[in-house]
Structures are given as C-alpha cells and as structure tokens.
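Analysis of the macromolecular model
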Amino acid sequence: MTPLAKLLEAALFASGRPIPTDELAALDEDSSAAAVAAALDEIREHYDVEGHGVELVEIAGGWQILTRAEYTEAIERAQLAARPQRLSGAALETLAIIAYRQPISRADIEEIRGVAVGGVLKSLHERGLIDVVGRAEGLGRPLLYGTTPLFLEHFALRHLEELPRADELAIALRVVASSDATPSPNAAE
Amino acid sequence: MTPLAKLLEAALFASGRPIPTDELAALDEDSSAAAVAAALDEIREHYDVEGHGVELVEIAGGWQILTRAEYTEAIERAQLAARPQRLSGAALETLAIIAYRQPISRADIEEIRGVAVGGVLKSLHERGLIDVVGRAEGLGRPLLYGTTPLFLEHFALRHLEELPRADELAIALRVVASSDATPSPNAAE
Amino acid sequence: MSATLEAESTRTFIVELDQFSGPLDLLLTLIREEEVEITDIPIARICEQFLARIHGLELSDAAEYLEMAARLLRIKAQMLLPRSQDDESWEDPRAELVRRLLEYQQMREVVDVLEDRSEERRNRFARGWLPADPAPPSSPLALSLPELLSAVDRVLRVATRPLLHDIVPRALDVDGAMATIRAILSVRVMARWADVVRPNAEPWQVLSALLALLELARRGELKLVQVRPFAVVEISRDAASEAA
C-alpha cells in the first residue's frame with residue numbers, strides 16, 4: 001500500500017465516526033484531493049482483492065471501515081454463545097454479603113468489602129438479583145438492599161434459610177465441592 | 001487470506017479491546033487452536049508484508065489490532081482520536097511496587113515510597129489499574145492490592161512475567177550505583 | 001533576608017519540590033549529584049544538603065521530608081559516637097537507609113520500564129468506532145451455589161472481625177509525630193498547629209500530633225503558649241532546655 005493509503009487506513013481505524021473526505025485530506029497537507037481519492041480507491045480495492053474481513057464504505061458523507069456483513073452473524077453468535085456470563089468475584093462477594101446480611105445499606109457493604117460497590121450494585125440490580133427493600137433510619141436514610149425471588153431461583157433455593165449458616169459454611173463448602181453438582185432442593189423437610 | 005483469517009480479522013476489527021485467544025477460538029467451532037494460531041500469524045504477516053497502517057499485537061493474554069506508531073501524530077493533529085493522559089510519576093511508582101510485590105498493603109507501599117499513597121491508590125483503583133485482592137492477617141487486617149488485566153493493556157504487556165525479573169534489576173542496580181548511568185529500560189521481549 | 005525575598009525563595013522551592021516524588025527521590029538525586037556511593041553515603045554532607053533543600057519550605061506540606069531530615073540527623077549523630085577499632089558488633093547506622101534507598105532505586109528502574117511501555121502503547125490507537133453491543137444485557141447468567149458459598153467464605157476470611165465493628169486501620173504513631181515536630185523545630189524557632197498537622201490529616205494523625213506535643217512539653221523540650229482562649233497555639237523550643 002502507498003504511504004498515504006496506510007495513513008488513511010490508520011486514521012479510519014482509529015476514528016470513532018465516519019470521516020468526511022476533506023478531513024481525510026487534512027491529514028497530509030502535501031496530498032491533493034485527487035491523491036486522497038486515489039488512496040481511498042486503493043484501500044477499497046486492496047480489501048476486496050486480497051479478501052479481507054473488512055471493507056471500506058462511504059457513509060453519511062464520510063468514510064468508514066466496517067466488518068463485512070457475512071461475519072457479523074458469527075461474531076454476534078460467538079458473543080451470545082460466549083458461554084453464559086459469569087459474575088465477577090467482586091459481584092459475587094457483594095451478592096453474598098447482601099444474601100446474608102439483608103436488608104443492608106451500601107455503606108455497610110462497602111465497610112465490609114473495603115471498596116466502593118456502586119457499580120457492582122447497579123449491575124446486580126440490572127440483572128434482577130437484588131432490589132431496594134427499604135430505607136434505614138438515621139442520617140440520609142440510606143437505601144437498603146435485599147435479594148430477589150430471581151436470586152433464589154438461580155440457586156435453586158426455596159427460601160433464604162436454605163443457605164448454610166456462617167458457622168456451617170466450612171462443612172457446606174466441603175460437601176458442595178465433593179458433590180460438585182447443584183444440590184437437589186429436597187434436603188430437610 | 002484464508003476464510004478463518006478473514007473471520008478473525010473481522011472480529012478483531014469489531015473490538016476496541018484485546019480479544020482473549022479462547023474467545024477467538026470460539027468464533028469457529030470447527031477450527032483447532034493450531035488453526036487459529038496459524039490464522040493469527042497469517043494476519044500479522046499480511047499486515048507487515050503488504051504494508052498496512054495497522055498491526056496485530058499480542059496484549060494481556062489476547063490479540064488486538066492497533067495503528068502503527070508513525071501515524072499517531074497526524075491522527076491526533078487532525079483531531080480524529082486523542083491519546084490518553086500520561087500517568088503521574090507518583091502513580092507509576094506505586095504501580096511498579098504493586099506489580100512486583102502483589103498482594104501488598106498500603107502501609108508496605110508507603111514504606112517503600114516514603115510518602116503517603118492514599119490518594120494515588122484511590123485514583124489507580126478508579127482507573128481500574130489495581131484492585132483489592134484480599135486482606136492481610138494481623139493488626140487491622142489491612143487491604144491488599146494487586147494489578148488488573150487492564151494494567152497489562154495499559155502497558156501493552158502480554159503478561160506480568162514480561163516485566164524484568166527482580167534479580168535482573170538487582171544486577172542492573174549495582175551497575176547503576178557505581179556508574180551513575182540511567183539503566184536502559186529494554187523491555188524483555 | 002527581606003520578606004519579599006523570602007517569599008520568592010519559598011515559591012521557587014515549592015516548584016522545585018514538585019520535581020521529587022518524595023524524600024527518597026530527593027535523597028537519591030542528591031547522592032547522584034554528589035557522585036557518591038549509595039552504600040557509603042557521606043552522611044554529614046548529604047544531611048546538610050538535604051536540610052538546605054527543604055529549608056524555607058512550606059512546612060505543613062512537607063512532613064515526610066522533615067521525617068527524613070530527622071532520620072538523617074539521627075544517623076549523623078550515631079556516626080559520631082566513638083567506637084573501638086576492632087568492635088565486631090558495630091552496626092553501620094546507615095544500613096537501614098541504604099537498604100531503603102536500594103529498594104527505592106530498584107523500583108525507579110521498573111518505573112522507567114513502565115514509562116517506556118506506556119509511551120509505546122500511547123502511540124498506537126485502538127479501534128475507535130465500535131458497533132453497538134449486539135448482546136442484550138439479559139445474556140444467560142452462569143451462577144452456582146458453590147460459587148456463591150465460596151464468595152461468602154472469601155468475605156468472611158477477608159472481612160474485619162467482628163463484622164459489626166471496624167478496627168481502626170492505623171494505630172497512633174506518637175513517636176513519628178514527635179520526630180516530625182523535633183525536625184520542624186530544628187529548622188524553625190516557632191511553629192503553629194497547622195505546621196505540625198496537615199490540613200487533610202486523618203484522625204489518627206491529629207491525635208498522634210496532639211499526644212506528641214503534650215509529651216514533648218512534659219519532657220520540657222518545647223513550650224506551648226496560647227495568648228488567649230481560642231487563639232493559635234504557639235509551639236516553640238524551650239529556651240531553658242536548649243541552654244542545658
């Protein structure tokens with residue numbers, strides 16, 4: 001590829017929006033409008049002839065590099081199938097604190113975890129695993145969080161009391177680790 | 001380019017972040033890991049040989065397409081994209097200590113740097129470059145910090161082991177102490 | 001020195017201080033400038049240079065520099081103590097400082113590497129235009145009870161015990177505060193509360209400073225004077241103890 005074509009390719013790749021022809025021309029003062037047009041042709045042809053996964057497209061009075069339509073489906077499918085999303089360690093720990101200490105305020109969760117949990121609370125809320133269940137008394141009357149029925153559903157729990165008590169946790173962990181299967185919810189009672 | 005290389009290129013173009021190797025492999029279930037590696041090689045070589053404005057780089061356990069450094073200035077001058085701000089010296093010193101000594105407590109970082117680091121830790125945490133990875137035993141059970149995958153991305157590192165080993169530094173250190181020369185920071189490849 | 005000149009020099013000093021990321025950085029710079037070995041620091045000379053650099057500084061901003069000044073003075077004094085030629089048990093008072101300087105310098109080496117790498121990365125752009133995320137936020141969630149329980153376990157391991165009370169993160173450091181105050185009074189005749197406690201000091205720092213002041217006053221090392229209720233407390237060297 002010619003030096004101008006390489007420069008245009010880098011700019012088109014880095015830009016967050018389609019770039020109009022006159023802005024592309026401003027990239028290199030020594031190049032004429034005709035040279036820029038020729039370089040754009042060169043890029044487009046190169047992508048087509050060499051068989052790239054991307055193409056150069058003219059959109060809304062500007063130019064943009066886009067992935068070819070035939071691959072978007074595979075990419076989307078991979079993202080969807082991208083194995084069901086896991087919660088981050090931070091999200092799991094926050095969820096665990098809420099499950100055991102509900103109703104609990106954000107400040108109390110932050111005190112236990114030692115870090116800000118605003119973002120994590122938001123994403124747990126968006127996923128429907130927690131909800132606002134009330135307000136505390138006292139200064140500022142902070143929101144209190146608790147788990148939702150969806151939370152129980154996810155863990156195949158009938159009610160919160162099915163979670164092992166803190167002092168039984170070590171035993172429960174050993175049992176769960178050895179069976180490694182989702183516990184069938186027909187233990188006691 | 002081969003069909004698999006085209007698919008990978010399309011996926012890499014569609015992402016602003018490095019894509020982990022296993023996610024690339026998930027794009028086409030019929031392709032082996034070796035085939036994916038070969039296709040990545042093919043893309044990288046094609047970009048280099050054909051002289052593209054972009055290149056394929058291995059970062060943070062994945063792959064990412066980035067513009068070549070020689071075009072950065074022109075792109076920034078044309079205001080098509082902006083470089084991120086540099087980190088302060090205090091932030092870099094703190095990151096360096098955390099990268100090598102993780103998990104490490106605030107008090108231990110302050111002991112090495114000789115200054116309070118509360119504000120720096122907060123801003124590094126907000127930028128997502130460090131995270132709390134645990135608590136130490138002992139009085140006050142202080143929080144322990146470590147670096148994040150975003151740290152690797154920020155410094156274009158494939159993994160932490162790419163930083164010079166501590167014993168390599170110690171050798172360089174003795175040389176510096178006697179010669180007064182600034183060590184040449186050749187990043188280990 | 002006239003008031004304007006003094007203000008002038010204070011200002012230039014603050015500008016200069018910004019070049020250093022801390023007392024160890026300043027110390028290392030002095031060692032480089034003097035072209036001496038880290039492992040064999042001429043402590044009297046370096047100490048003098050260090051004090052000269054921080055002299056006239058806005059003291060309330062420089063507690064960490066003053067702490068280092070106090071440390072250097074202490075080492076200097078220890079070096080002057082007489083010792084017999086063949087005393088095997090003699091420990092170099094500079095040893096701890098040397099260890100810290102070497103460790104600090106090693107870290108600065110890593111900073112150079114990181115700076116290089118980040119510059120390299122800053123000079124490349126990632127893809128700017130990104131398609132809207134095709135995956136709706138309701139992509140299936142992988143959650144298992146074992147995962148949740150191990151999270152509980154992690155929280156319990158990590159949480160301060162007992163959960164309801166937070167342990168004070170840092171104990172008082174009265175000795176440190178005393179060293180700081182002594183260092184301030186070694187460069188200044190008189191100081192105020194604001195000089196010994198930084199404006200954004202944490203409660204433990206305020207308490208440490210207060211206890212340190214009372215202790216030093218009790219030992220007769222300094223005098224605390226308040227001309228009238230709610231006036232600024234003046235902290236000065238005790239003339240009597242100094243004469244002694």
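Residues numbered from 1 in each chain as written. Chains lettered and ligands numbered in written order. Predicted model: local features only at pLDDT ≥ 70, side-chain atom pairs only at ≥ 80, totals over all residues. Heavy atoms only, no water.

1. As for the overall build of chain A
Looking only at helices and strands, chain A features nine helices and seven strands. For chain A, with 189 residues in total, the buried portion stands at 41%. Across chain A, every contact between residues at least 6 apart in sequence was considered, and the portion connecting residues at least 24 apart equals 43%. Summing over all exposed atoms, chain A offers an accessible surface of approximately 10000 Å²; the carbon and sulfur share of this is 54%. (Helix = DSSP H or I, 4+ residues; strand = E, 2+ residues; numbered from the N terminus. Buried < 20%, exposed > 50% of the residue type's maximum accessible area, 1.4 Å probe, protein only. Contact = heavy atoms within 4.5 Å. Areas by Shrake-Rupley, 256 points an atom, 1.4 Å probe, with all protein chains shown as cover.)

2. Quick look at the overall build of chain C
When helices and strands are tallied, chain C shows 10 helices and four strands. Per-residue burial over chain C gives 40% buried out of 244 residues. The long-range share in chain C, meaning contacts at least 24 apart out of those at least 6 apart in sequence, stands at 61%. Element-wise, carbon and sulfur atoms account for 55% of the exposed surface of chain C, whose accessible area totals about 13800 Å².

3. Remarks on helix α3 (residues 43-54) of chain C
All names here are of chain C. Counted at 1.5 Å a residue, the expected span for α3 with its 12 residues is 16 Å, and the 16 Å between its end C-alpha atoms agrees. Buried within α3 we find I43, I46, C47, F50, R53 and I54. Take α3 and look down its axis: the buried residues cluster within an arc of 125 degrees, on one side only. Turned more than 90 degrees away from the buried face of α3, the exposed residues are E48 and A52. (Expected span 1.5 Å × (residues − 1). Arc of directions from axis to C-beta.)

4. Quick notes on the packing of helix α1 (residues 3-13) of chain B against helix α3 (residues 33-49) of chain B
Residues and elements named next belong to chain B. Where α1 contacts α3, the axes come no closer than 9 Å and their chain directions differ by 75 degrees. In terms of their interaxial angle, α1 and α3 are classed as roughly perpendicular. Contacts between α1 and α3 pair L4, A5, L8, E9, L12 and F13 from the former with A35, V36, A39, L40, E42, I43 and Y47 from the latter. Grouping the amino acids of the contact of α1 with α3 by side-chain chemistry returns 11 nonpolar, no polar and two charged. (Axes fitted to C-alpha atoms, helices over the stretch in contact; angles between N-to-C directions. Parallel < 35°, antiparallel > 145°, perpendicular 65-115°, else oblique. Nonpolar A, V, L, I, M, F, W, Y, C, P; charged D, E, K, R; others polar.)

5. Points about the confidence of the model for chain C
Residue and element names in this part refer to chain C. Confidence in the prediction of chain C, expressed as mean pLDDT, is 76, and 75% of residues score 70 or more. Mean pLDDT across the elements of chain C bottoms out in helix α1 (residues 3-17) (46) and peaks in helix α2 (residues 23-33) (91). Overall, residues 160-168 carries pLDDT values under 50, and its contacts beyond four positions in sequence, including any with other chains, amount to 13 contacts. With a pTM of 0.63, the predicted complex shows an ipTM of 0.68. (pLDDT = per-residue confidence, 0-100.)

6. Overview of the sheet that holds strand β5 (residues 130-135) of chain B
Residues and elements named next belong to chain B. Taken together, the three strands give an open sheet; going across it, the order is β4-β6-β5, and neighbouring strands pair in antiparallel fashion. Looking along the sheet, the strands with just one partner apiece sit at the ends: β4 (104-105) and β5. Direction of pairing for β4 relative to strand β6 (residues 143-147): antiparallel, over a ladder of two bridges. When the sheet's bridge partners are listed, S105 is paired in β6 with L144. The strands that helix α7 (residues 118-126) touches are β5 and β6; relative to β5, the one it contacts most, it runs at about 110 degrees. (Pairing = 2+ DSSP bridges.)

7. What about the sheet that holds strand β3 (residues 62-67) of chain B?
Residues and elements named next belong to chain B. Taken in spatial order, the three strands make up an open sheet running β1-β3-β2, and their pairing is antiparallel. Two strands close off the open sheet at either side, each with one partner strand: β1 (19-20) and β2 (54-59). Note that β1 and β3 share two bridges and pair antiparallel. Across the sheet, P20 pairs through a bridge with G62, a residue of β3. Along the sheet face, α3 touches β2 and β3 and points at about 140 degrees away from the line of β2.

8. What to know about the interface of chain C and chain B
The interface is formed by 46 residues belonging to chain C together with 64 residues belonging to chain B. Buried surface at the junction of chain C and chain B, both sides included, amounts to about 4900 Å², of which 57% is carbon and sulfur. Per-residue buried area on chain C facing chain B is highest for R117, R122 and F125 of chain C; these three make up 18% of the total on that side. With a shortest N-O distance of 4.0 Å, E111 of chain B and R100 of chain C are connected by a salt bridge. Applying the counting rule to chain C against chain B returns 17 residue pairs in polar contact (both at pLDDT 80 or more). Every element with two or more residues in the side of chain C that touches chain B is listed here: α2, α5 (95-122) and α6 (145-158) of chain C. (Buried area = accessible area lost by both parts, 1.4 Å probe. Salt bridge = Lys/Arg side-chain N within 4 Å of Asp/Glu carboxyl O. Polar contact = N/O pair within 3.5 Å; in protein donor to acceptor, adjacent residues only side chain to side chain.)

9. Digging into the packing of aromatic side chains
Applying the stated rule across the entire model yields two aromatic pairs over all chains. Between F151 of chain B and F155 of chain B, the ring centres sit 5.0 Å apart and the planes meet at 55 degrees, which makes this aromatic pair tilted. (Phe/Tyr/Trp six-rings, centres within 6.5 Å; stacked < 30°, edge-to-face > 60°.)

10. Things to note about the pairing of β3 of chain B
All names here are of chain B. Taken across its six residues, β3 has six buried, putting it largely inside the fold. Burial of the side chains of β3 extends over both faces: G62, Q64 and L66 are buried on one face and W63, I65 and T67 on the other. Of the pairings in the sheet, the one linking β2 to β3 comprises six bridges and is antiparallel in character. Residue pairing in the sheet places V57 in a bridge with Q64 of β3. Here β2 folds back onto β3, and the loop between the two strands holds two residues, one of which, A60, carries a positive phi near 45 degrees.

11. A few points about the pattern of salt bridges
Counting across every chain of the model gives 39 salt bridges over all chains. Close ionic contact of R44 of chain B with D41 of chain B constitutes a salt bridge, the shortest N to O distance being 2.7 Å. Here D41 of chain B and R44 of chain B lie together in helix α3, a separation of three residues that amounts to about one turn. A residue is classified by how much of its surface remains accessible, and R44 of chain B, at 31% relative accessible area, is partly exposed. Given the relative accessible area of 39%, D41 of chain B is considered partly exposed. In the salt-bridge network here, residues are joined through shared partners; they are R101 and E111 of chain B together with E96, R99, R100 and E103 of chain C.

12. Looking at unusual backbone geometry
Trans is the common state for peptide bonds, and a negative phi is the common state for residues other than glycine. Here the residue pair Q102 of chain A and P103 of chain A is connected by a cis peptide bond, since its omega of -5 degrees sits within 30 degrees of zero. A positive phi angle is found at A60 of chain B, which is not glycine, with a value near 45 degrees. Along the chain, A60 of chain B falls in the loop between β2 and β3. At A156 of chain B, a residue that is not glycine, the phi angle is positive and equals roughly 50 degrees. Relative to the elements of secondary structure, A156 of chain B occurs in the loop between α8 (149-154) and α9 (166-179).

13. Quick word on the side chain of H46 of chain A
Relative to the elements of secondary structure, H46 of chain A occurs in helix α3 (residues 33-49). Within the structure, H46 of chain A has its side chain in polar contact with the side chain of H46 of chain B (distance 3.3 Å).

14. Overview of a nonpolar patch on the surface
Residues and elements named next belong to chain C. On the surface, a nonpolar cluster with roughly 640 Å² of combined accessible area is contributed by L172, W193, V206, L207, L210, L211, L214 and L224. Top element by residues in the nonpolar patch is helix α9 (residues 203-218). It accounts for five residues. Relative to the helices and strands, L224 resides in strand β3 (residues 222-225). (Patch = residues over 30% accessible without salt bridge, like charges linked within 9 Å, V, L, I, M, F, W, Y side chains within 5 Å.)

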